[in-house]
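Listed here are the chains, written in short residue letters.
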Amino acid sequence: MSDTVDLVINGGTIVSPDSRYSASIAIKDGLIHAIGAPEAMPPARQTLDASGLYILPGAIDVHVHFRDPGYPQKEDFASGTAAAAFGGVTTVFDMPNTLPTIDTPEALADKHTIASSKAYVDYGLYAVLGEDSIEHVPGLIEGGIIGFKLYMGNTFGRIPSPTTGAMLEAFEVVAPTGKRISLHAETNSIMERRESRLRASGRTEAIAHLDARPAVVAVEAVARAAILAEWTGARIHVLHISSAAELRPLAEAKARGVDITGETCPHYLLLSEHDYETFGGVIRVNPPVREATNRQPLWDALMDGTVDVIATDHAPHAPEEKTRPDIWTVDCGFPGVETQMPLMLTEVNRGRATLEDYVRWSAENPAKIWGLYPRKGTLTVGSDADIAIVDINREWTIDDAKIQSRSKISPWQGRKATALPIHTLVRGRFVMKDRVLQEDARGSGRSVHAIQQMPPATPRNTDTTMAAITSRSER
Ligand code: DOR
Ligand code: ZN
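Within every chain, residues take consecutive numbers counted from 1 along the sequence as written. Whichever chain is written first is A, and whichever ligand is written first is 1; the rest continue in order. In view of the model being predicted, local features appear only for residues whose pLDDT reaches at least 70, and side-chain atom pairs are presented and counted only at 80 or more, with totals across whole chains, interfaces and linings using the full set of residues. For the side-chain quantities, the full set of heavy atoms in the structure was used; hydrogens and water were omitted.

J.: Account for the coordination of the zinc ion (ligand 2), naming residues and giving values.
T.: H63 (NE2), H65 (NE2) and D313 (OD) make up the full set of protein donors to the zinc ion (ligand 2), lying at 2.0 to 2.1 Å. All donors to the zinc ion (ligand 2) come from one chain, and their sequence spacing reads H-x1-H-x247-D. In this pair, H65 is assigned in the loop between β8 (59–64) and α1 (77–86) and D313 in the loop between β15 (309–310) and α12 (319–322), connecting sequence segments 248 residues apart. Burial classes follow relative accessibility: with a 1.4 Å probe on protein chains only, a residue under 20% of its type's maximum area counts as buried, one over 50% as exposed, and anything between as partly exposed. On the accessibility criterion, H65 (6% relative accessible area) is buried. The class for D313 is buried, based on a relative accessible area of 5%. Keep in mind that water is not among the atoms, so a site may look incomplete; donors are the N, O and S atoms within 2.8 Å of the metal, or 3.2 Å for Na, K and Ca. Think of it this way: any DSSP run of H or I at least four residues long counts as a helix, any run of E at least two long counts as a strand, and we number them from the N terminus.

Take a look at the structure:
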């Protein structure tokens, strides 16, 4: 029959950013074909009973590090995207601090080859915007990226942070392209100076990492980046907001009309300085987990829209790289792509936010900010059938040994959760079903750059850009 669909999901409760309702979903050719009463569904080749479960748009995690190529002992594109599938995440944006660094069209092309052969879920690739890659901006966009990543501060991979002069020029070059620049907003000179003094003073315990990077490190960076974005008209996204103090320059820039968005991560919402003693170097991450007083303001900022997105900064490392006694030699970061949805929905169950709020932060807003909406980030007729089917009444305990990521060490070890993704579909295809990885889906993930449609660019002060002044012969 020509109107037979591939799959009908019955019995679940569909969650959108403004409501939840019981309905069936019909999927055909990877798209949502119909939503409605069970009796109104067309005939289907396959059906799924989702009674008692919630049906969410798959999460879009705009900040993961899958380490491929370069560090297979930490993660690769297959293990990282398998972890995503188990976490109800249907699209990831992968960071460019791999080996080699993704800052040339050649390195980008190689990474596309790797990702397309291994990915279980859809993905976007970031390219570095640095002092030496400004000239490659057109070639990198041509090669297919979701956006640029600019490291204002040093972290894993030691990608040099550009000077403010180079940053201004980079923003001038990217502004007319309409691409968004995601910022690691920590000012290098402040934290390097403090770290070297701390090392010289002999401090090696875990919480010395927080002392090296007080919130002003991030506040100064966010404020400076916002000024350059306002001047050039470049779009920016502030990654991993960790402190209450950063919210002010972010909110003020939004009020001035700067195209700036923000993200925070579960570890800044749920952990605090008290966890350093328990977890030691395992909790070392950039920016650091901070004083407990930062947490409620971050929740409030999500609620009022100052912070737009929940992402994870999934940063896998091997156990021996996380457990060295001297904190300065411990690799920064830990896995998160697989536990974000369970952890956040556990907070929803506690009444901290609604399911609708969660869907806005994890799916709708990321899709809108990076020009993927409404193909992604929503469950509506005509959208990609990217779906997380979740049990929000399931008590379980996070066990690092059992996660898909190769990085079997995190500060989530032993934490109780009350929600669990049961099935994950990407463009209508099961990638995880009944908590089992669908091995035949390996290599079915696709780069989303091809469907990205950013709004028209709005470059500003174009008469004073580096390109304008150097091509001018006289004045
Ligand atoms: O802790 C971190 N680890 N922060 C980052 O920004 C990078 C990441 C990594 O790549 O390990
Ligand atoms: Zn990161």
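Structure's up, so let's keep going.
J.: Explain helix α2 (residues 105–118) to me, using residue names and the numbers behind them.
T.: Side chains that are three or four residues apart share a direction in an α-helix, a result of its 3.6 residues per turn. Spanning 14 residues, α2 covers 20 Å between terminal C-alpha atoms, matching the ideal 20 Å at 1.5 Å per step. All buried positions along α2 are accounted for by A107, L108, K111, H112, I114, A115 and K118. The criterion used for residue contact is that any of the two residues' heavy atoms lie within 4.5 Å. Those residues of α2 hidden inside the fold are in contact with α1, β9 (89–94), β10 (122–128) and α3 (137–143). In a helix, the anticipated span is given by 1.5 Å times the number of residues less one.

J.: Would you mind going over unusual backbone geometry in detail, with residue names and values included?
T.: Both trends apply: most residues other than glycine have a negative phi, and most peptide bonds are in trans. With an omega of 0°, the peptide bond running from L99 to P100 counts as cis. Along the chain, the position of P100 falls in the loop between β9 and α2. Y373 connects to P374 through a cis peptide bond whose omega is 0°. Within the fold, P374 resides in the loop between α14 (355–369) and β16 (387–391). Within the chain, R67 stands out as a residue other than glycine whose phi angle is a positive 65°. Tracing the backbone shows R67 in the loop between β8 and α1. For R67, a relative accessible area of 3% puts it in the buried group.

J.: Outline the pairing of strand β19 (residues 420–426), listing residues and values.
T.: Among the 7 residues of β19, 7 are classified as buried, and the element is accordingly described as predominantly covered. In short, DSSP must find at least two bridges between two strands for them to pair. Sheet topology note: the β16/β19 ladder contains 5 bridges and is antiparallel. Following the sheet pairing, I389 is matched in β19 by H423. Where β19 and strand β20 (residues 429–433) come together, 4 bridges link them in antiparallel fashion. From the neighbouring strand, T424 faces β20, where its bridge partner is M432. Between the antiparallel neighbours β19 and β20 lie 2 residues, among them R427 with a positive phi of about 45°.

J.: Describe the sheet that holds strand β5 (residues 31–36), and please don't skip the residues or the numbers.
T.: Within the open sheet, the 4 strands sit side by side as β5-β4-β1-β6. Their pairing is mixed. At either margin of the open sheet sits one strand with a lone partner, and together these are β5 and β6 (44–49). In this sheet, adjacent strand axes meet at a mean angle of 20° when their direction is disregarded. Pairing of strand β1 (residues 5–10) with β6, which is carried by 5 bridges, proceeds in the parallel orientation. Residue pairing across strands places N10 opposite D49, the latter belonging to β6. Axes here refer to lines fitted to C-alpha atoms; in helices the fit is confined to the stretch in contact. Angles between the N-to-C directions go from 0 to 180 degrees.

J.: Describe in detail the site of ligand 1, supporting the description with residues and values.
T.: Neighbouring ligand 1 are 14 residues; R67, N97, H184, N286 and C332 lie closest to it. Polar contacts, as counted here, are pairs of nitrogen or oxygen atoms within 3.5 Å of one another; within protein the pair requires one atom able to donate a hydrogen and one able to accept it, and residues that are adjacent in sequence qualify only if both atoms are side-chain atoms. At a separation of 2.9 Å, a nitrogen atom of ligand 1 approaches a polar backbone atom of C332. Between ligand 1 and G333 there is a distance of 3.4 Å, counted from an oxygen atom to a backbone nitrogen or oxygen. Only the protein chains shown count as cover for residues, with accessible areas throughout obtained via the Shrake-Rupley method and a probe of 1.4 Å. Surface burial for ligand 1 is 100%, taken as the share of its 290 Å² of free accessible area covered by protein chains. Under the grouping applied here, Gly and all other residues not named as nonpolar or charged are polar, the nonpolar ones being Ala, Val, Leu, Ile, Met, Phe, Trp, Tyr, Cys and Pro and the charged ones Asp, Glu, Lys and Arg. Residue classes in the shell around ligand 1 are distributed as 4 nonpolar, 8 polar and 2 charged. Proximity criterion: a residue is near a molecule or strand once any of its heavy atoms comes within 4 Å of it.

The quantities given are spatial measurements derived from coordinates; they are silent on function.
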